[in-house]
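Examination of the molecular architecture
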Amino acid sequence: MRSSSTRSSAVLAFPVEVFVRRYEAGELDEGDPDVSDLAGLLWLGQNGHRATA
Amino acid sequence: MIDARLTLLTIPGQETHYNLACVENGERVAFALHGVSERLFIRQAIEIVGDHCQTVSYAYRYQSGEERKSWLLRWEYFRERPRPDYEYPLAHVHANAEFVDPDPAAAHLPKPPSHLHIPTARVPLELVLWHVIAEWGVTPKTDDCVSFSASRWRASSDAAGRLDRTARLPVGQLVATISRSRACFHAPAIVDLPATSPRYRQLILRGGPPL
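What you see is a predicted model; the values in this text were computed from it and never measured.

Examining the overall build of chain B
For chain B, the helix and strand inventory stands at five helices and ten strands. Counting only residues that meet the buried cut, chain B has 34% of its 211 residues in that class. For chain B, the share of sequence-separated contacts (at least 6 apart) that also reach a separation of at least 24 residues comes to 53%.

Some points on the overall build of chain A
Each helix and strand in chain A was counted, giving two helices and one strand. Expressed as a percentage of its 53 residues, the buried residues of chain A come to 34%.

A word on helix α1 (residues 16–24) of chain A
Residue and element names in this part refer to chain A. Those residues of α1 lying buried are Phe-19, Val-20 and Tyr-23. Viewed end-on, α1 has its buried residues packed into an arc of 95°, placing them on one side of the element. In α1, the exposed residues that point more than 90 degrees away from the buried face are Glu-17 and Val-18. In this fold, the buried residues of α1 make contact with α2 (33–41). Gly-26 sits one or two residues past α1 and shows a positive phi near 70°.

Brief notes about the pairing of strand β6 (residues 52–63) of chain B
Residues and elements named next belong to chain B. Extensive coverage of β6 is indicated by the burial of ten of its twelve residues. Both strand β5 (residues 39–49) and β6 contribute to a ladder of eleven bridges, which runs antiparallel. For Val-49, the partnering residue across the bridge sits in β6 and is His-52. Counting the residues that bridge the hairpin from β5 to β6 gives two residues, and of these Gly-50 lies at a positive phi of roughly 65°. Where β6 and strand β7 (residues 71–78) come together, seven bridges link them in antiparallel fashion. Within β7, the position partnered with Tyr-60 by the bridge is Trp-75.

Comments concerning the confidence of the model for chain B
All names here are of chain B. Here chain B averages 74 in pLDDT, and 65% of its residues register 70 or above. Here helix α5 (residues 198–207) stands out as the least confident element of chain B, with mean pLDDT 40; strand β8 (residues 91–95) is the most confident, with 97. Across residues 158–168, confidence stays below pLDDT 50; counting only partners more than four residues off in sequence or on other chains, it has 14 contacts. Here residues 181–211 is modelled with pLDDT under 50, and outside its nearest four sequence neighbours on either side it reaches 72 contacts, counting other chains as well.

A word on the environment of Leu-12 of chain A
Residue and element names in this part refer to chain A. Of note, Leu-12 is situated in the loop between β1 (3–4) and α1. The exposure class assigned to Leu-12 is partly exposed, which follows from the 15 C-beta atoms found within 10 Å. Spatially, the C-alpha atom of Leu-12 lies 12 Å from that of Leu-42, the residues being 30 residues apart in sequence.

Some details on the environment of Asp-37 of chain A
Counting through the fold element by element, Asp-37 of chain A comes out in helix α2. Setting aside chain neighbours within four positions, we find Asp-37 of chain A in contact with Arg-43 and Ala-59 of chain B.

Considering the environment of Glu-38 of chain B
All names here are of chain B. Along the chain, the position of Glu-38 falls in the loop between β4 (30–32) and β5. Along the sequence, Glu-38 and Leu-72 sit 34 residues apart, while their C-alpha atoms lie 9.3 Å from each other. Beyond its immediate chain neighbours, meaning those up to four positions away, Glu-38 contacts Leu-33, Tyr-62, Gln-63, Ser-64 and Trp-136.

Some details on unusual backbone geometry
Residues other than glycine seldom take positive phi values, yet Trp-43 of chain A does so here, at roughly 60°. On the secondary structure map, Trp-43 of chain A appears in the segment after α2. One non-glycine residue, Asn-25 of chain B, adopts positive backbone phi at about 50°. Its place among the elements puts Asn-25 of chain B in the loop between β2 (14–24) and β3 (27–28). Residue Asn-25 of chain B is classed as exposed on the basis of its C-beta count, with 7 C-beta atoms lying within 10 Å.

Digging into the nonpolar core
Counting residues in each nonpolar core, the largest one holds 41 residues, and the members touching the most others are Leu-40, Ile-42, Tyr-60 and Val-132 of chain B. Listed by contribution, the elements that provide at least two residues to this core are α1 and α2 of chain A together with β2, β4, β5, β6, β7 and α2 (125–135) of chain B. Excluding its chain neighbours within four sequence positions, the residues that come into contact with Ile-42 of chain B are Leu-6, Leu-20, Ala-21, Cys-22, Tyr-60 and Leu-125 of chain B.

A closer look at the confidence of the model for chain A
In this model, chain A carries an average pLDDT of 76, and 72% of its residues clear a pLDDT of 70 or more. Of the regions scoring below 50 in pLDDT, residues 1–8 of chain A engages in 34 contacts with residues more than four places distant in sequence or in other chains.

Criteria and thresholds
Residues numbered from 1 in each chain as written. Chains lettered and ligands numbered in written order. Predicted model: local features only at pLDDT ≥ 70, side-chain atom pairs only at ≥ 80, totals over all residues. Helix = DSSP H or I, 4+ residues; strand = E, 2+ residues; numbered from the N terminus. Buried ≥ 20, exposed ≤ 12 C-beta atoms within 10 Å, placed from the backbone. Contact = placed C-beta atoms within 7 Å. Arc of directions from axis to C-beta. Pairing = 2+ DSSP bridges. pLDDT = per-residue confidence, 0-100. Core = buried A, V, L, I, M, F, W, Y, C linked by C-beta atoms within 7 Å.

Here is the structure:
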């Protein structure tokens, strides 16, 4: 089994607070796979959960 | 050969919330798959509710190489809208593809086809595994993996083949599913049970096989 690292996109360089603020403002590209992935990873909007660092 | 594993990641302060992913050197990575050069990235957010697990969100990404940007297909789901003005279907698929005849679409579509959130039902991980085995040439280590996925499909769909969206996954079944999924990968996938969660251990002991 071999797994691999992946390169970071621009949104991955954001501090969490910046990502959350810009995501909730609708400023990020929803077509970017990292955007929806991070929103899910941070549980944004799920059960009223807000992201924590 | 690197030993890959699926890991349940705890969320500080949230005893019943977990993210499931393959982690290597502190970074979430994509699995290599037997028989093909493509890779599969898995992220699933899981919440323990009562005596079962429910999927809160997922991102399954089939990609041609190591880079995130090499994705071919992406299945994504949010149980609730991630923000109030989220305007897309909560379960959807992205295809990194172009229209055969792009001009008519380009006249009306202000974004590339890969940015379309094409509606789906909620897609179980087993179906993604089944899909890459059936159509992309991924080789399961045993035939049992395929028959197991097929049985899960039948169990979770009605006569018209639609997914039962109310189906819930007991904790033990989640563990069993992950254990069965090991057969699809080169090396054993191991679930790291969070040592900090007595509640989760209790559920595993009551509802599923020990790992």
